[in-house]
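Residues per chain, in single letters:
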Amino acid sequence: MTEIIDLILALSQDVKDLKGRIELLRQSRAEVLKDTWIDNQDVLQTLHISKRTLQTLRTNGTLPYSKVKGKFYYRVADIEQLLQDNYYNHNFKQDGNK
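Cut-offs applied
Residues numbered from 1 in each chain as written. Predicted model: local features only at pLDDT ≥ 70, side-chain atom pairs only at ≥ 80, totals over all residues. Heavy atoms only, no water. Helix = DSSP H or I, 4+ residues; strand = E, 2+ residues; numbered from the N terminus. Buried < 20%, exposed > 50% of the residue type's maximum accessible area, 1.4 Å probe, protein only. Salt bridge = Lys/Arg side-chain N within 4 Å of Asp/Glu carboxyl O. Axes fitted to C-alpha atoms, helices over the stretch in contact; angles between N-to-C directions. Parallel < 35°, antiparallel > 145°, perpendicular 65-115°, else oblique. Contact = heavy atoms within 4.5 Å. Nonpolar A, V, L, I, M, F, W, Y, C, P; charged D, E, K, R; others polar. Phe/Tyr/Trp six-rings, centres within 6.5 Å; stacked < 30°, edge-to-face > 60°. Pairing = 2+ DSSP bridges.

Colleague: How should I be thinking about unusual backbone geometry in this particular structure?
Modeller: Glycine aside, residues mostly have negative phi, and peptide bonds are mostly found in the trans state. A positive phi angle, close to 55 degrees, is found at His 48, a residue other than glycine. With respect to the element layout, His 48 can be found in the loop between α3 (40–47) and α4 (51–59). One non-glycine residue, Lys 69, lies in positive phi territory at about 50 degrees. With respect to the helices and strands, Lys 69 occurs in the loop between β2 (66–68) and β3 (71–75). Taking the relative accessible area as the measure of exposure, Lys 69 reaches 86% and is therefore exposed.

Colleague: I tried to follow the pattern of salt bridges on my own but got confused; where do I start?
Modeller: Side-chain pairing between opposite charges can occur once the charged atoms of the two side chains come close. All told, the structure shown has two salt bridges when counted by the stated rule. The closest approach of N and O atoms between Lys 71 and Asp 39, which form a salt bridge, is 3.4 Å. Remark: Asp 39 occurs in strand β1 (residues 37–39) and Lys 71 occurs in strand β3; sequence separation between them is 32 residues. Accessibility expressed as a relative area gives 39% for Lys 71, which makes it partly exposed. Among the salt bridges present, the one from Arg 75 reaches Asp 78, with a minimum N-O distance of 3.7 Å. Judged by relative accessible area, Asp 78 falls into the buried class, the value being 19%.

Colleague: Quick question: what am I supposed to make of the packing of α3 against α4 here?
Modeller: For any two helices packed against each other, the geometry comes down to the angle between their axes and how far apart the axes lie. Their axes nearest at 10 Å, the elements α3 and α4 cross at an angle of 105 degrees. Relative to α4, α3 is oriented roughly perpendicular. On α4, the residues that touch Asn 40, Val 43 and Leu 44 of α3 are Lys 51, Leu 54 and Arg 58. Taken together, the residues of the contact of α3 with α4 break down into three nonpolar, one polar and two charged.

Colleague: Help me out: how do you make sense of the packing of aromatic side chains in this one?
Modeller: Given two aromatic rings, their pairing is described by the distance between the two centres and the angle made by the two planes. Under the defined criterion, the tally for this structure stands at one aromatic pair. Pairing Tyr 65 with Phe 72 gives two aromatic rings, centres 5.3 Å apart and planes at 70 degrees, and the pair type is edge-to-face. For Phe 72, a relative accessible area of 16% puts it in the buried group.

Colleague: How do you make sense of the pairing of β3 when you look at a structure like this?
Modeller: Of the two faces of β3, only the one carrying Phe 72 and Tyr 74 is buried; Lys 71, Tyr 73 and Arg 75 on the other face are not. Of the strand pairs in this sheet, β2 and β3 are connected by three bridges, and their pairing is antiparallel. Paired with Val 68 across the strands is Lys 71, a residue of β3. The turn linking β2 back onto β3 is made up of two residues, and Lys 69 within it adopts a positive phi angle of 50 degrees.

Colleague: Would you mind showing me how to read the sheet that holds β1 here?
Modeller: Strand pairs in the sheet, formed through backbone hydrogen bonds, run parallel or antiparallel to each other. Taken in spatial order, the three strands make up an open sheet running β1-β3-β2, and their pairing is antiparallel. Each of the sheet's edge strands pairs with one partner strand only, and the pair in question is β1 and β2. On average, each strand axis in the sheet is tilted by 35 degrees relative to the strand beside it, whichever way the strands run. As paired elements, β1 and β3 share three bridges and run antiparallel to each other. Bridge pairing links Trp 37 to Arg 75 in β3. Here helix α5 (residues 76–85) sits on the sheet in contact with β1 and β3, set at roughly 65 degrees to β3.

In structure tokens form, the structure reads like this:
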């Protein structure tokens, strides 16, 4: 009887381990990139904007940045947040209702 209980406990632990591994695999590439930094060129290409537009986003505080030795860097998470904050679906009103 104790052998069966031990087997069940071991199996339960294995299932928990598998759940943890599956959860790690579910993390998308975007989630991994959120904590990374990209430079001006990558932002320009990603958002399809001009250098001047990017400068305006920095100047008016719309897009946070870091500057190291004259080179600007941006967090991917901040860029995603900018896009999310400006998301508009013309089929829905501001409150989300049709």
